[in-house]
Amino acid sequence: MNRAKIVASALAATAVLSALTTTPATASAGAQVRAAAGDPAYKILKHLDYSGPGKASLRAGYYDRARDKGFGWNKVKKKHNITKYSAVEFIAKSPNRDRVGKTTTYHLTGYAGKYRCRNGVCKLEKQYKMILSVNQKVLRDGQDKGVITMYCKGVVRCPNWVSTTLAKENKRSAAPAGDEYASSYAPLAQRLNAPVRPTP
């Protein structure tokens, strides 16, 4: 075997060994490259108005129910039953924004409530504190990782009316007579002296 063939064989063997010995750090870097190269999970569906710097990215993400792992829109929708982009955006604009430790993740909060109205007086029947988790780390595509998840504190799946309420910001949703809905960045009043009026 001549020298050129020996060198070519050695180079091929080295490439195979290198492919088989990928380290976790290399794999992580690979995930970042995929994010920039069009991995469907990292596709940005919408840039949300945000109370932090710039806009918050809402990426397609994924949700693996068996492992209870995921992030982005697929986790928000499939795990927590938030079904409207505008519901997520309402909380993204919240002035209640707290950093999680020394990380690049922030929690934003707001409230969604259901009132029962009788004789011109509305009583708060149910209220959920909403928590939105946003990671501001910039990925290799030059955009923030964005929305990690959003949920109703205390339950895994939010009732259907929560998405509608947040999306419409106090507009009347299709609900049985006698119920009103409201959303806010502060806890809602327990009683109102008049029915909740939809915003124009």
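All of the points below concern the structure found in this document.

### Description of the state of the cysteines
Then comes step 1: All chains considered together, the criterion is met by two disulfides.
Then comes step 2: Residue Cys 117 pairs covalently with Cys 122 via a disulfide, S to S 2.1 Å. Judged by the sign of its S-S torsion, about 105°, the bond between Cys 117 and Cys 122 is right-handed.
Then comes step 3: Classification of Cys 122 by relative accessible area gives buried; the value is 0%.
Then comes step 4: The disulfide partner of Cys 152 is Cys 158, and the S-S distance across this bridge is 2.1 Å. Here the S-S torsion is close to 125°, and the disulfide linking Cys 152 with Cys 158 is therefore right-handed.
Then comes step 5: A relative accessible area of 2% means that Cys 158 is categorised as buried.

### Some remarks on the nonpolar core
Then comes step 1: Residues Ile 82, Val 88, Met 130, Leu 132, Met 150, Val 162 and Leu 166 are the most contacted members of the largest nonpolar core, which totals 26 residues.
Then comes step 2: In terms of residue count, the dominant contributor to this core is helix H4 (residues 85-92) (five residues).
Then comes step 3: Apart from residues lying up to four places away in sequence, Ile 82 is in contact with Trp 73, Val 76, Lys 77, Ala 87, Val 88, Met 130, Met 150, Cys 158, Val 162 and Ser 163.

### A short note on the packing of aromatic side chains
One pair of aromatic rings is described through two measures. These are the centre distance and the angle between the planes.
Then comes step 1: Taken as a whole and assessed by the stated rule, the structure comprises five aromatic pairs.
Then comes step 2: Between the aromatic rings of Tyr 62 and Phe 71, the centroid separation amounts to 5.9 Å while the plane-to-plane angle is 80°, which identifies the pairing as edge-to-face.
Then comes step 3: Here Tyr 62 falls in the partly exposed class, since its relative accessible area comes to 36%.
Then comes step 4: Assessed through its relative accessible area of 5%, Phe 71 is described here as buried.

### Examining the side chain of Ser 133
Then comes step 1: Mapping Ser 133 onto the fold places it in strand S7 (residues 121-138).
Then comes step 2: Residue Ser 133 is classed as buried on the basis of its relative accessible area, which comes to 8%.
Then comes step 3: Ser 133 has contacts with Thr 105, Tyr 106, His 107, Gly 146, Val 147, Ile 148 and Thr 149, leaving out every residue within four places of it along the chain.

### Description of the pairing of strand S6 (residues 105-118)
Then comes step 1: The buried fraction of S6 is high, at eleven of 14 residues.
Then comes step 2: Pairing geometry for strand S5 (residues 97-99) and S6, over three bridges, is antiparallel. Bridging from a neighbouring strand, Arg 97 pairs with Leu 108 of S6.
Then comes step 3: The loop that links S5 with its antiparallel partner S6 comprises five residues; one of these, Gly 101, has a positive phi angle of about 60°.
Then comes step 4: Relative to S7, S6 runs antiparallel, the two sharing 14 bridges. Paired with Lys 114 across the strands is Lys 126, a residue of S7.
Then comes step 5: Joining the antiparallel neighbours S6 and S7 is a turn of two residues, in which Asn 119 adopts a positive phi near 50°.

### As for the pattern of salt bridges
Working definition: two side chains of opposite charge can pair if their charged atoms are close together.
Then comes step 1: The tally for this structure, following the rule as stated, stands at five salt bridges.
Then comes step 2: Taking the shortest distance from any N to any O, the salt bridge between Asp 141 and Arg 59 comes out at 2.9 Å. Of the two residues, Asp 141 is situated in the loop between S7 and strand S8 (144-152) and Arg 59 in strand S2 (residues 56-59); the sequence distance between them amounts to 82 residues.
Then comes step 3: Assessed through its relative accessible area of 0%, Arg 59 is described here as buried.

### Comments concerning helix H3 (residues 72-80)
Then comes step 1: Those residues of H3 that sit buried are Gly 72, Trp 73, Lys 75, Val 76, Lys 79 and His 80.
Then comes step 2: Residues of H3 that are buried in the fold lie against strand S1 (44-48), S2, strand S3 (62-64), strand S4 (69-71), H4 and S8.
Then comes step 3: Asn 81, located one to two residues past H3, shows a positive phi value of around 60°.

### Quick notes on unusual backbone geometry
Then comes step 1: Of note, the phi angle at Asp 68 is positive, near 50°, even though the residue is not glycine.
Then comes step 2: Checked against the element boundaries, Asp 68 lands in the loop between S3 and S4.

Conventions we followed
- Sequence positions are assigned chain by chain, starting from 1 and proceeding in written order.
- With the structure being a predicted model, the display of local features is reserved for residues of pLDDT at least 70 and the display and counting of side-chain atom pairs for 80 or more, all residues being used for whole-chain, interface and lining totals.
- With hydrogens and water set aside, each side-chain value is computed from the structure's full complement of heavy atoms.
- Two cysteine sulfur atoms form a disulfide, by the criterion used here, when they sit within 2.5 Å.
- Burial here depends on accessible area, computed with a 1.4 Å probe over protein chains only, as a share of the maximum for the residue type. Under 20% is buried, over 50% is exposed, and the range in between is partly exposed.
- Take the buried Ala, Val, Leu, Ile, Met, Phe, Trp, Tyr and Cys residues and link them wherever side-chain atoms come within 4.5 Å; each set so joined is a nonpolar core.
- Working definition: helices are DSSP H or I runs of at least four residues, strands are E runs of at least two. Numbering for both runs from the N terminus.
- Here, residues are in contact when the closest pair of their heavy atoms is within 4.5 Å.
- The criterion for an aromatic pair is that two Phe, Tyr or Trp rings (for Trp, the six-membered ring) have centres within 6.5 Å, with stacked assigned to planes under 30 degrees apart, edge-to-face to planes over 60 apart and tilted to the rest.
- Strands were regarded as paired on the criterion that DSSP finds at least two bridges between them.
- Counted as salt bridges are all cases of a side-chain nitrogen of Lys or Arg within 4 Å of a carboxyl oxygen of Asp or Glu.

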